[in-house]
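# An overview of the molecular structure
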Amino acid sequence: MSRFRLKPLPRAILTDDGVLIKSQNANPLSFHSNALRDPDAGPDDKGCDDGTHERGAGESMFCLTCLSDSTNFDSNGRGILPMNTVIPYGRIINAHNVRSLGATQTTKKSKQDTTISTALLANDDDGLSMDLENDAMDYVIDLVFVLPLEKNVVPRTVRLNIDYVPLSPASSDLAEVILKRSYKNARRNKKMLVIINPFGGKGQAKNLFFQRAAPILDASGSDYDIAYTERSRHAVEIAESLDIDKYDTIVCASGDGIPYEVLNGLYRRIDRVAAFNKIVVTQLPCGSGNAMSISCHWTMNTSYAALCLLKSQESRIDVMCCQQPSYSDQPRLSFLSQTYGIIAESDINTEFIRWMGPIRFNIGVAFNLLQGKTYACDVYVKYAAKTKHDMKVHYLLHKKTAELIFDSPPASSSSASLSQSNPLNEHLQSASSSSLSTPPTPAQESVISSEDFNLKYSLSDPIPEEWERLSSDITDNLSIFYTGKMPYIADKTKFFPAALPADGAIDLVIMNSTTSVRRMTPILLSLDDGTHVMQPEVLHSKVSAFRLVPHIEEGLISVDGEKFPLEPMQVEVLPSLVKTLLRNGSYIDTEFDTLLST
Ligand SMILES: Nc1ncnc2c1ncn2[C@@H]1O[C@H](COP(=O)(O)OP(=O)(O)OP(=O)(O)O)[C@@H](O)[C@H]1O
């Protein structure tokens, strides 16, 4: 005999945007935190800062101060999802049919009835019941979604009674229907290797991963192994010897140093074509420099980046290939930047004050600037866009193409939505719910061959005829030489606002020491909004290749934040070589178009 336990459930339906709560249940909903935690990592989600209520054991509750306006309180301090709240597909990370609870008892519904008190009968039956009157089936689903709590997103589970009319017998697995909508354009069931640099982010990388990202990955049912880097360049070895049949995604829970090493490890493989066709390389921001995450996931927050890791589409991006005499047998890949002059010195030569955090870099720049240091060199370039006008044309052309491919219709605003509290989530929502957001050649379908690794130019050859030498007026007194492929080089530093993921070009920014400190200071202070590139003193172009020949005695070149020898360096773009995850299929919007129109 079955034992029955009455448990009221809220009713919901599927909409184009997400799961819409149709009936506001009089009883409070409780949301279960299903985060698995590293026992070493300590608690993360502590509930509310305001301390007005506490969480019971094994249970988390919504709180007004942590949620959007769409959340209400009952007298016990528990949150309820009001009618017309939408849990967007972009926020849903898992769903389970509650088969063990079995048949649901349906009541006859009038069209206007939005406060149905449905009882879930817990018994031993399996299966789902059908309301023959309207062909809608009642499903009991455990829906796992992420909720903004303080500055992070955290996983929660809610049990819902969902009315759904199956389109075909094959779609009667409602959890699968929801998951397909929630992971549109994204690879589900990734096989991930998470590489954690325990020294990254001033030693915080491991805690950040386990506190902010792992709960979301675990709640989504993701499959991942963890490897810790034990020494410098260990990630090169890990990637070089990786079993690429076992994994499809390498997640670098680190700063930008580990993705750099991983890409070069993959590049050294004999089967590198297969590796670059299979493996996606992405970052969870756990270091002090997280340019890849801010550029690709549009966030420096580890929990939001974990959500993006699950939801973003695989895309191919350009990478740069560096040649120098010291490693002529094995060129190096660079995904982020190469720099020479004040910024290189400030980045690398301030390692000894690493404990200061990112401010050490600003101190280094200011120090070198005030000393009026110059870094003489010769620079030869193959232009892709030379003048500021060419830059505008190039940028708008490539940005336009991306918009046509990836833009989504605006989400319905008729219903309250859990996504309202954070503008970042609108992007996530549109990315996953749009029917127009399928790119013509997503990374899953675009295959590269060994020819895509071929370099067009050799450092040992003379400068090609079609290249141009920059005027010595600029290069004799050079202060900053910076080339890059991603818009952000650090938090709040939009150094390359015109950078695009796959435009076949490297962005070049050069500044000259003849610019007075009085002029240089405001230019450098405008790095956060990217307006420095609009200043007449700043040379801003796009190149597909360049050669830098330093003429100073002592110094260094920095590639993706790593110290490189002070030698001639030649760099060329290798178009669309690397698979990564891009939110909505693009880099974070730098609003460079707005700068162009001012
Ligand atoms: N176990 C280890 N011991 C020492 N160094 C390591 C170890 N693991 C990784 N590294 C090195 O740490 C460097 C920085 O790594 P990462 O980018 O993850 O951290 P970060 O905090 O962002 O550092 P940075 O400020 O240099 O960017 C890498 O060059 C890597 O080779």
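Each remark here, short or long, concerns the structure printed above.
A few points on the structure. Residues take numbers from 1 onward in each chain, read along the sequence in its written order. In keeping with the predicted nature of the model, local features appear solely for residues at pLDDT of at least 70, side-chain atom pairs appear and are counted solely at 80 or more, and the whole-chain, interface and lining totals rest on all residues. Side-chain numbers come from the whole structure's heavy atoms, not from hydrogens or water.

Helix and strand labels come from DSSP, where a helix needs a run of H or I of at least four residues and a strand needs a run of E of at least two; each type is numbered from the N terminus. Looking only at helices and strands, one finds 15 helices and 28 strands in the protein chain. Burial classes follow relative accessibility: with a 1.4 Å probe on protein chains only, a residue under 20% of its type's maximum area counts as buried, one over 50% as exposed, and anything between as partly exposed. In the protein chain, buried positions account for 57% of the 598 residues. As displayed, the protein chain offers around 25,000 Å² of accessible surface, 51% of which is attributable to carbon and sulfur atoms. Accessible areas in this description were obtained via Shrake-Rupley with a 1.4 Å probe; residue shielding takes into account the shown protein chains only.

This paragraph deals with the packing of aromatic side chains. Two aromatic rings from Phe, Tyr or Trp, using only the six-membered ring of Trp, form a pair when their centres are within 6.5 Å; if the ring planes differ by under 30 degrees the pair is stacked, by over 60 it is edge-to-face, and anything between is tilted. Overall, the coordinates contain 14 aromatic pairs when judged by the stated rule. Their ring planes at 25° and their centres at 6.1 Å tell us that tyrosine 267 and phenylalanine 453 sit as a pair that is stacked. Of this pair, tyrosine 267 sits in helix α5 (residues 257-268) while phenylalanine 453 is found in the loop between α12 (423-433) and β22 (468-469), placing the two residues 186 residues apart along the sequence. Taken individually, tyrosine 267 and phenylalanine 453 each receive the classification buried, so the pair is uniform in this respect.

This next bit is on the site of the ligand. One heavy atom within 4 Å of a molecule or strand makes the whole residue count as near it. The local shell around the ligand holds 20 residues, among which Gly201, Thr229, Gly257, Glu261 and Ser288 are the closest. For the ligand, whose free accessible area comes to 640 Å², the fraction covered by protein is 81%. Of all the secondary-structure elements, those providing two or more residues to the shell around the ligand are α2 (200-203) and α5.

Another aspect to go through is the side chain of aspartate 248. Here aspartate 248 is to be found in the loop between α4 (234-240) and β15 (249-254). Should any heavy atoms of two residues lie within 4.5 Å, those residues are counted as being in contact. With sequence-adjacent residues up to four places away left out, aspartate 248 is seen in contact with Arg187, Asn189, Lys190, Lys191, Lys278, Ile279 and Val280.

Attention shifts here to the nonpolar core. Put simply, a nonpolar core is a bunch of buried Ala, Val, Leu, Ile, Met, Phe, Trp, Tyr and Cys residues held in one set by side-chain atoms that sit within 4.5 Å of each other. If you look at the biggest cluster of nonpolar residues, it comprises 87 residues, and the most contacted ones within it are Val262, Leu266, Phe276, Tyr340, Ile480, Phe481 and Phe495. A per-element tally of this core places strand β28 (residues 569-582) first, with seven residues. Both domains that meet at this core, namely domain 2 (185-311) and domain 3 (334-394 + 456-573), each give it at least three residues. Setting aside residues up to four positions removed in sequence, valine 262 forms contacts with Ile195, Ala235, Ala239, Ile250, Cys252 and Val281. In this structure, Val177, Phe210, Cys286 and Ala305 belong to the second largest nonpolar core, which totals 55 residues. Each domain span listed reflects an automatic or database assignment of domains.

The next thing to look at is helix α14 (residues 517-525). Along α14, the residues classified as buried are Met520, Ile523 and Leu524. Down the axis, α14 shows its buried residues gathered within 95° of arc, on one side only. Residues of α14 that are exposed and point more than 90 degrees away from the buried face comprise Arg518 and Leu525. As used here, the arc belongs to the directions running from the helix axis to the C-beta atoms.

Let us now look at the pattern of salt bridges. Salt bridge, as applied in this entry: a Lys or Arg side-chain nitrogen positioned within 4 Å of an Asp or Glu carboxyl oxygen. One pass over the structure, following the stated rule, counts 21 salt bridges. The residue lysine 191 makes a salt bridge to aspartate 223 at a minimum N-O spacing of 3.6 Å. In this pair, lysine 191 sits in strand β13 (residues 191-196) while aspartate 223 sits in strand β14 (residues 223-228), placing the two residues 32 residues apart along the sequence. For lysine 191, a relative accessible area of 37% gives the class partly exposed.

Another aspect to go through is the side chain of threonine 475. Positionally, threonine 475 belongs in helix α13 (residues 472-475). Residue class for threonine 475 comes out buried when judged on its relative accessible area of 0%. In the analysis that follows, any N or O atom pair within 3.5 Å is treated as a polar contact, provided that within protein one partner can donate a hydrogen and the other can accept it, and provided that, for residues neighboring in sequence, both atoms belong to side chains. A polar atom in the side chain of threonine 475 sits 3.2 Å from the backbone oxygen of cysteine 377. Setting aside residues no more than four positions away along its own chain, threonine 475 makes contact with Tyr375, Ala376, Cys377, Asp378, Val379 and Leu470.

Attention now goes to unusual backbone geometry. A positive phi angle is found at arginine 233, which is not glycine, with a value near 70°. Here the phi dihedral of serine 576 falls at roughly 45°; this positive angle occurs in a residue that is not glycine. Structurally, serine 576 can be placed in strand β28.

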